[in-house]
Amino acid sequence: MKLILDASTIIAFKNANKLNLLADLQQRGVEIIVPRAVLDELYSAGHVFEDPPFTSVQPSEGYRIETLGAGEAEAIQLCKEYVERGEDAELVTDDARARRKAERLGLKVMGTLGLVILLAKRGVVSPSEAERLLHELSAFIYVTEDVLERAKKELREMR
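Here is what the cut-offs are and how they apply
Sequence positions are assigned chain by chain, starting from 1 and proceeding in written order. Where local features are concerned, this predicted model is filtered to residues with pLDDT of at least 70; where side-chain atom pairs are given and counted, the filter is 80 or more; whole-chain, interface and lining totals use all residues. Derived side-chain values reflect all non-hydrogen atoms in the structure, with water molecules and hydrogen atoms excluded from consideration. What makes a salt bridge here is a side-chain nitrogen of Lys or Arg within 4 Å of a carboxyl oxygen of Asp or Glu, nothing more. Secondary structure counts use DSSP, requiring at least four H or I residues in a row for a helix and at least two E residues in a row for a strand, with both numbered from the N terminus. For the exposure calls, accessible area comes from a 1.4 Å probe over protein chains only, and a residue counts as buried if that area is under 20% of its type's maximum, exposed if over 50%, partly exposed in between. We treat Lys and Arg as the positive residues and Asp and Glu as the negative residues; His and chain ends play no part in the count. Whether two residues are in contact is decided by their heavy atoms: any pair within 4.5 Å suffices. Buried Ala, Val, Leu, Ile, Met, Phe, Trp, Tyr and Cys residues form a nonpolar core when they are joined through side-chain atoms within 4.5 Å. Whether two strands pair comes down to DSSP finding at least two bridges between them. Axis definition: a line fit to C-alpha positions, over the contact stretch in the case of helices; interaxial angles, taken between N-to-C directions, run 0 to 180 degrees.

Caption draft 1: Structural context of the pattern of salt bridges. If you walk through the whole model with that rule in mind, you get 12 salt bridges. Two residues, glutamate 131 and arginine 156, come together in a salt bridge whose shortest N-O distance is 3.0 Å. Of the two residues, glutamate 131 sits in helix 7 (residues 127-138) while arginine 156 sits in helix 8 (residues 145-157), which places them 25 residues apart along the sequence. Overall, the relative accessible area of 40% leaves arginine 156 in the partly exposed class. Three or more residues are tied together by salt bridges with common partners; here these are Lys2, Glu31, Arg85 and Glu87.

Caption draft 2: Local environment of the side chain of aspartate 6. Considering the arrangement of structural elements, one finds aspartate 6 in the loop between strand 1 (2-5) and helix 1 (7-15). Among buried Asp, Glu, Lys and Arg side chains, aspartate 6 stands out as unpaired, with arginine 97 the closest opposite charge at 9.1 Å. Ignoring any residue separated from it by four or fewer positions in sequence, one finds aspartate 6 in contact with Val38, Gly71, Glu72, Val92, Thr93 and Asp95.

Caption draft 3: Local environment of the nonpolar core. If you look at the biggest cluster of nonpolar residues, it comprises 39 residues, and the most contacted ones within it are Leu3, Leu5, Ile10, Phe13, Leu25, Leu115 and Leu119. Contributions of two or more residues to this core are made by strand 1, helix 1, helix 2 (19-26), strand 2 (31-35), helix 3 (36-44), helix 6 (112-121), helix 7 and helix 8. Top contributing element to this core by residue count: helix 6, with seven residues. Among all residues touching isoleucine 10, those that are not within four sequence positions of it are Leu5, Leu19, Val34, Val38, Leu42, Phe49 and Phe54.

Caption draft 4: Summary view of the sheet that holds strand 5 (residues 108-110). Overall, parallel pairing links the five strands, which are arranged 3-2-1-4-5 in an open sheet. The open sheet has two edge strands, strand 3 (55-57) and strand 5, and neither has a second partner. On average, adjacent strands in this sheet sit at an angle of 35° to one another, irrespective of strand direction. By the bridge criterion, three bridges tie strand 4 (residues 89-92) to strand 5 in an arrangement that is parallel. Within strand 5, the position partnered with leucine 91 by the bridge is valine 109. Taken strand by strand, helix 4 (residues 70-84) contacts strand 1, strand 2, strand 3 and strand 4, and its axis lies near 170° from that of strand 4. Contacting strand 4 and strand 5, helix 5 (residues 96-104) crosses the sheet at an angle of about 160° to strand 5.

Okay, structure coming up:
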């Protein structure tokens, strides 16, 4: 399984000092990929990664979507390329416009909270640890109370 991450998720995990969880997820067979434009966005915003828990990849062709930034557009393009090759790939973004565009293209999409649930499903964290992580990360992303409650409910059902 490949997860193509947008900047918001990486920033949230970095701000919460939880990037190590992404590295742990990779050790459980999930490849974490960041498009080159997303990495450029992160670096230009001053984010430095000594030992990044992801691989940076450039899509094979440019992809421009007028309503999206370069990072979101590249993430969608990269995910689309993997899916077209028959690989299991999912976009991870909290950007509503990027999510809608990806879903219209038939791509699987999750947000930062969905990634936390995946961490619990893959055994990186326990469901109760994941619930605490939801609260930590929600300080760094926009999330409605309804979405947060649904994520908590899913984690409680895993116990």
